[in-house]
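A closer look at the structure
Residue strings, one per chain:
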Amino acid sequence: MVRVLGVDPGLTRCGVGVVDGAPGRPLRMVGVGVVRTPADAEIGQRLLQIEQGLERWFDEHRPELVAVERVFAQHNVRTVMGTAQASAVAMLCATRRGIPVTLHTPSEVKAAVTGSGRADKAQVTAMVTRLLRLDAPPKPADAADALALAICHIWRGGAKTRIEAALTAGHQGRARPGTSWVHGRPRP
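These numbers were taken from a predicted model, which means no experiment stands behind them.

Side note on the overall build of the chain
- When helices and strands are tallied, the chain shows five helices and seven strands.
- Buried positions account for 42% of the 188 residues belonging to the chain.
- The contacts in the chain between residues at least 6 apart in sequence include a share of 61% that link residues at least 24 apart.
- Just so you have it, the chain exposes about 10,600 Å², and 54% of that area is on carbon and sulfur atoms.

And the structure:
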């Protein structure tokens, strides 16, 4: 079993969800909520409030891994910037504690939780509610998205980490990039 803190970054509402689980085993929600900041506050103060709120989540729930939604290009540059800044705060909080961070795209999370990378928020929320055996859907949507990130990482992150480790191990001791290879060995 592993404990994952999922973060759906945002300046006004930063969704946070903690899930315990392992691939092929039942999942358990440990906590869910949002870190809120006032839209009219100065950006530095908002980022500080997000950092303080996330630190409380780290202190209370002691996650082993952190999954953050990867920021993608939107039409509204201001929204992208705020989301990226909140994402950076989450990554900083985890890294400061030595906790590994993985970024997952929205379509990757949707596919992991619903089976379709094009699922809408209602479908993601319904599946999160079902997978975690909750009595009611988590609200707001940012909180449900944070739980979906944690679930995605439990189911996909471990495999991704093992593949990366195998690829790294496979390249140790090999010749420098650009070396020609013949029959699996560097050309003399």
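Quick word on the side chain of H104
- The residue H104 is located in strand β5 (residues 101-104) in this model.
- Assessed through its relative accessible area of 0%, H104 is described here as buried.
- Within the structure, the side chain of H104 is placed 2.9 Å from the side chain of H153, a separation counted as a polar contact.

Thoughts on the packing of helix α3 (residues 106-114) against helix α4 (residues 121-131)
- One can describe the packing of α3 onto α4 by two numbers: an axis separation of 9 Å at closest approach and a directional angle of 50 degrees. Classified by the angle between their axes, α3 and α4 sit oblique to one another. In this structure, α3 meets α4 at a crossing whose hand is left-handed. Residue-level inspection shows K110, V113 and T114 of α3 in contact with α4, the latter providing Q123, V124, M127, V128 and L131.
- Classifying every residue of the contact of α3 with α4 by side-chain character gives five nonpolar, two polar and one charged.

Structural notes on the nonpolar core
- Core analysis: the largest hydrophobic core is formed by 21 residues, its most contacted members being V19, L27, V113, V128, L132 and I151.
- Top contributing element to this core by residue count: helix α5 (residues 141-171), with seven residues.
- Residue contacts for L27: discarding those within four places in its chain leaves V19, D20, G21, L131, L132, R133, I151, I154 and W155.
- In this structure, L5, L11, V35 and W57 belong to the second largest nonpolar core, which totals 20 residues.

As for the side chain of R3
- Along the chain, R3 turns up in strand β1 (residues 2-8).
- Within the structure, the side chain of R3 is placed 2.7 Å from the side chain of D20, a separation counted as a polar contact.

So, the UniProt feature "binding site: Mg(2+) 1" (unreviewed entry) in the chain
- Mapped onto this numbering, the UniProt entry annotates "binding site: Mg(2+) 1" (unreviewed entry) at D8 and D142. Sequence-wise these annotated residues cover 135 residues; spatially they are packed, their C-alpha atoms never more than 6.1 Å apart.
- Setting aside its immediate chain neighbours within four residues, D8 contacts R13, C14, G15, E69, D142, D145, A146 and L149.
- One can find D142 in helix α5.

Here is what the cut-offs are and how they apply
Residues numbered from 1 in each chain as written. Predicted model: local features only at pLDDT ≥ 70, side-chain atom pairs only at ≥ 80, totals over all residues. Heavy atoms only, no water. Helix = DSSP H or I, 4+ residues; strand = E, 2+ residues; numbered from the N terminus. Buried < 20%, exposed > 50% of the residue type's maximum accessible area, 1.4 Å probe, protein only. Contact = heavy atoms within 4.5 Å. Areas by Shrake-Rupley, 256 points an atom, 1.4 Å probe, with all protein chains shown as cover. Polar contact = N/O pair within 3.5 Å; in protein donor to acceptor, adjacent residues only side chain to side chain. Axes fitted to C-alpha atoms, helices over the stretch in contact; angles between N-to-C directions. Parallel < 35°, antiparallel > 145°, perpendicular 65-115°, else oblique. Left-handed = near helix turned anticlockwise from the far one by under 90°. Nonpolar A, V, L, I, M, F, W, Y, C, P; charged D, E, K, R; others polar. Core = buried A, V, L, I, M, F, W, Y, C linked by side-chain atoms within 4.5 Å. UniProt positions renumbered as here; feature names shortened; annotations may be inferred.

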